[in-house]
Amino acid sequence: MKIIDSHTGGEPTRTIVSGLDTPRGAKATRNFLENDADWVRTTLINEPRGFDAIVGACLCKPEDSTCITGVVFFNNLSCLHSCLHGTIGIVETLAHLDRIKPGEHRIETPIGIVTTHLAEDHSITVKNIPCYRFAEDVGVILPDGQKIIGDISWGGNWFFLISNQGPEIKTENIAALTDFTKTIRDSLHTQNITGKNGAEIDHIECFAPPQPGIDADSQNFVLCPGAAYDRSPCGTGTSAKLACLAASGKLIEGERWYQASIIGSIFEGSFESIYDSDNIIPIITGRAFVTGETTIIIHPNDPFKHGIPTHQIRV
């Protein structure tokens, strides 16, 4: 397999650009990866080749002929519904390969089609699928008796969004923030607090005013499925935040929202309203940079050719 690595706001994307036969269509490719070829995910993401924060992207032929490609994203745990930092990464990757030029490009994902725009300066804008706030001011009780209040929102993945609670959002507190958000996610599961139709809430997102020197409207810490945190401001997480702001009347259509990550990288966000609907179309702009090109070699005698099983290295 040939892969190209990139990062978007510090968060890595590892894109398979050739050497893997997949079915036509993003939904069929996701089923293939989940049910018949999970070795692809573990080979690229698990140690010794990868690490927990990498998000993989498998390109495939789209069912919809108006799309330039289909894509399925995956991480150290499983396939993902969607990934907007990864979408920005694959647009930059396709431009690097000279497969696309500046302009508008549609991309097929397992949950719908997103529209991207590659600018001349290589800033990349993604129009997401429809997003919405599912529930407001939901309480969850932690094992120590503390009550945390948050919103449940769909931004392409399911999020529990928390404002001004828990450890201060700064890089020195990454370990404490990780423990805090993992405890919240476990408590949501134990107390059967879910998204729509019982969907698991697998992303936890904390917000606060940005640290000094960061020019943004807020700063976040996002726990992804598994135990890794998002180095970028999180595209689906920013989409979920925009849906909450829109639902509360705190942000109007076309108004810009600047979301900083735990490391200070920034996405620009805004939204379009959908007529006669509470849903919105989030619009996220960021930058990605290609960091390497690699041919994956799978030696038949390598005991870890498909990655080290995660249970052997987790603490």
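I will try to describe carefully the structure that is included in this document. (Residues numbered from 1 in each chain as written. Predicted model: local features only at pLDDT ≥ 70, side-chain atom pairs only at ≥ 80, totals over all residues. Heavy atoms only, no water.)

### Some words on the overall build of the chain
Part 1 of the reasoning: Helix and strand content of the chain: five helices and 16 strands.
Part 2 of the reasoning: Based on the C-alpha atoms only, the size of the chain along its principal axes is roughly 50 × 45 × 40 Å.
Part 3 of the reasoning: In the chain, buried positions account for 54% of the 315 residues.
Part 4 of the reasoning: Partitioning the intrachain contacts of the chain with sequence separation of at least 6 by distance along the chain shows that 63% fall at a separation of at least 24.
Part 5 of the reasoning: For the chain, the exposed area adds up to about 13,600 Å²; of that, 48% sits on carbon and sulfur atoms.
Part 6 of the reasoning: Of the charged side chains in the chain, 25 are positive and 38 negative; the average position of the first set lies 4 Å away from that of the second. (Helix = DSSP H or I, 4+ residues; strand = E, 2+ residues; numbered from the N terminus. Buried < 20%, exposed > 50% of the residue type's maximum accessible area, 1.4 Å probe, protein only. Contact = heavy atoms within 4.5 Å. Areas by Shrake-Rupley, 256 points an atom, 1.4 Å probe, with all protein chains shown as cover. Lys, Arg positive; Asp, Glu negative; His and termini not counted. Charge placed at Lys NZ, Arg CZ, Asp CG, Glu CD.)

### What about the pairing of strand β6 (residues 112-118)?
Part 1 of the reasoning: Pairing between strand β5 (residues 103-109) and β6: seven bridges, direction antiparallel. In the strand pairing of β6, Thr109 is matched with Gly112.
Part 2 of the reasoning: Hairpin geometry of β5 and β6 is characterised by an intervening segment of two residues between the two adjacent antiparallel strands.
Part 3 of the reasoning: One ladder, built from four bridges, connects β6 with strand β7 (residues 124-127); its direction is antiparallel. Bridge pairing in β7 places Thr116 opposite Val126. (Pairing = 2+ DSSP bridges.)

### Some details on the packing of aromatic side chains
Part 1 of the reasoning: One pass over the full model with this rule turns up four aromatic pairs.
Part 2 of the reasoning: Between Phe134 and Trp158 the ring centres are 5.7 Å apart and the planes differ by 75°, which places this aromatic pair in the edge-to-face class. In this pair, Phe134 sits in strand β8 (residues 132-141) while Trp158 sits in strand β10 (residues 158-163), placing the two residues 24 residues apart along the sequence.
Part 3 of the reasoning: For Phe134, a relative accessible area of 37% puts it in the partly exposed group.
Part 4 of the reasoning: The class of Trp158 is buried, set by a relative accessible area of 5%.
Part 5 of the reasoning: Considering the side-chain rings of Trp154 and Trp158, the 5.3 Å spacing of their centres and the 50° angle between planes classify their relative orientation as tilted.
Part 6 of the reasoning: Three or more aromatic residues link up through ring pairs in this structure, and these residues are Tyr132, Phe134, Trp154 and Trp158.
Part 7 of the reasoning: Positioned above the aromatic ring of Tyr229, the side-chain terminus of Arg231 is 3.9 Å from the ring centre. (Phe/Tyr/Trp six-rings, centres within 6.5 Å; stacked < 30°, edge-to-face > 60°. Lys NZ or Arg CZ within 6 Å of the ring centre and 35° of its normal.)

### Digging into the side chain of Ser270
Part 1 of the reasoning: Inspection of the secondary structure assignment puts Ser270 in strand β14 (residues 266-273).
Part 2 of the reasoning: Apart from residues lying up to four places away in sequence, Ser270 is in contact with Leu242, Gly254, Glu255, Arg256, Ile281, Pro282 and Ile283.

### Looking at helix α4 (residues 174-190)
Part 1 of the reasoning: For α4, spanning 17 residues, the distance from its first C-alpha to its last is 24 Å, which sits close to the expected 24 Å at 1.5 Å a residue.
Part 2 of the reasoning: Within α4 the residues assigned to the buried category are Ile174, Leu177, Thr178, Phe180, Thr181, Ile184, Arg185, Ser187 and Leu188.
Part 3 of the reasoning: Of the surrounding secondary structure, the elements contacted by the buried residues of α4 are β8, β9 (147-154), β10, β11 (203-208) and β12 (218-223).
Part 4 of the reasoning: One or two steps after α4, the chain reaches Asn192, where phi turns positive at roughly 55°. (Expected span 1.5 Å × (residues − 1).)

### Some remarks on the nonpolar core
Part 1 of the reasoning: Formed by 58 residues in total, the largest nonpolar core has its most connected members in Phe160 and Ile184.
Part 2 of the reasoning: Ranked by residue count, the leading element in this core is helix α3 (residues 84-96), at six residues.
Part 3 of the reasoning: Leu33, Leu44, Cys58 and Phe74 belong to the second-largest nonpolar core, a separate cluster that totals 15 residues. (Core = buried A, V, L, I, M, F, W, Y, C linked by side-chain atoms within 4.5 Å.)

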